[in-house]
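# Fold and contact review
The chain contents come next:
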Amino acid sequence: MQTNFGRIVIRFLDDKAPNHVANFKKLAREGFYDGTKFHRVIPGFMVQGGDPNSRSADRSTHGTGGPAQRVNAEFNDTPHVRGILSAARSSDPNSAGSQFFLMVANAPHLNGQYSAYGEIVEGMDVVDKIVQLPRDSRDNPLPANPAILESVTIEPYAGESSTGA
């Protein structure tokens, strides 16, 4: 993930949530994430992105968009600790689409409730910068200093069968 604050490299957990991994890779290859913003940042918790509506200046729609397809929950034993990539969703466990969140702190209350499908292997310092951005009452970074997901690429990571983004 190339952001305007730097690069974040993710190692996917194919064995834990294969459908979420496949969905993320498919969307990334289509350019779905390019130009979207991290639209929710909560210090001591997480940063959230992946909403195509976040490209719009209408901030009231940020956090409400996604692709037509949905991915069923793949709850697993991966704990929601600092550096984990997980699928954002509505109250319906089977409603994940494109939105995701990156943990900046441990959140055991999410374990078994959200589908973890990756972990940050480089760029946690970038996520730490993003989570500290000034934000509005909806935790959306202010327009003067957005965190933009410029591009997402899928490539092999360190010779492993998993891939980085």
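Everything quoted here is computed from the prediction, not taken from an experiment.

UniProt's entry tags residues 1–154 with the feature "domain: PPIase cyclophilin-type" (unreviewed entry), counted in the numbering of this structure. Counting secondary structure, residues 1–154 comes out at 13% helix and 23% strand; the distance between its end C-alpha atoms is 9 Å.

What follows deals with the pattern of salt bridges. Tallied over the full model, the rule gives eight salt bridges. Glu-119 is paired through a salt bridge with Arg-11; the nearest N and O atoms lie 3.2 Å apart. You can see Glu-119 sitting in strand 9 (residues 116–122) and its partner Arg-11 sitting in strand 3 (residues 9–12), a full 108 residues away along the chain. For Asp-139, the salt bridge identified is with Arg-135, shortest N-O distance 3.0 Å. Note on Arg-135: relative accessible area 37%, which makes it partly exposed.

Taken as a whole and judged by the stated rule, the model has two cavities of 30 Å³ or more. Here the largest cavity is characterised by a volume of approximately 60 Å³. Lining the largest cavity, in full, are His-20, Asn-23, Phe-24, Tyr-33, Val-71, Ala-87, Ala-96, Gly-97, Ser-98, Gln-99 and Tyr-117. It is helix 1 (residues 18–29) that provides the largest number of residues to the lining of the largest cavity, a total of three residues. Partitioned by chemical class, the residues of the lining of the largest cavity number six nonpolar, five polar and no charged. Its volume calculated, the second largest cavity comes out at about 30 Å³.

Our focus in this paragraph is the nonpolar core. By size, the foremost hydrophobic cluster in this structure holds 31 residues, and its most contacted members are Phe-24, Tyr-33, Phe-100, Leu-102 and Tyr-117. Those elements giving two or more residues to this core turn out to be strand 3, helix 1, strand 7 (84–87), strand 8 (100–103), strand 9 and helix 2 (124–131). Top contributing element to this core by residue count: helix 2, with five residues. Residue contacts for Tyr-33: discarding those within four places in its chain leaves Phe-24, Leu-27, Ala-28, Gly-50, Arg-55, Ser-98, Phe-100, Leu-149 and Val-152.

Cut-offs applied
Residues numbered from 1 in each chain as written. Predicted model: local features only at pLDDT ≥ 70, side-chain atom pairs only at ≥ 80, totals over all residues. Heavy atoms only, no water. UniProt positions renumbered as here; feature names shortened; annotations may be inferred. Helix = DSSP H or I, 4+ residues; strand = E, 2+ residues; numbered from the N terminus. Salt bridge = Lys/Arg side-chain N within 4 Å of Asp/Glu carboxyl O. Buried < 20%, exposed > 50% of the residue type's maximum accessible area, 1.4 Å probe, protein only. 1 Å grid on protein atoms, 1.4 Å probe; cavity = no way out; pocket = protein on both sides within 12 Å on 5 of 7 lines; lining within 4 Å. Points joined across faces, edges and corners; volume = space filled by probe spheres on them. Nonpolar A, V, L, I, M, F, W, Y, C, P; charged D, E, K, R; others polar. Core = buried A, V, L, I, M, F, W, Y, C linked by side-chain atoms within 4.5 Å. Contact = heavy atoms within 4.5 Å.

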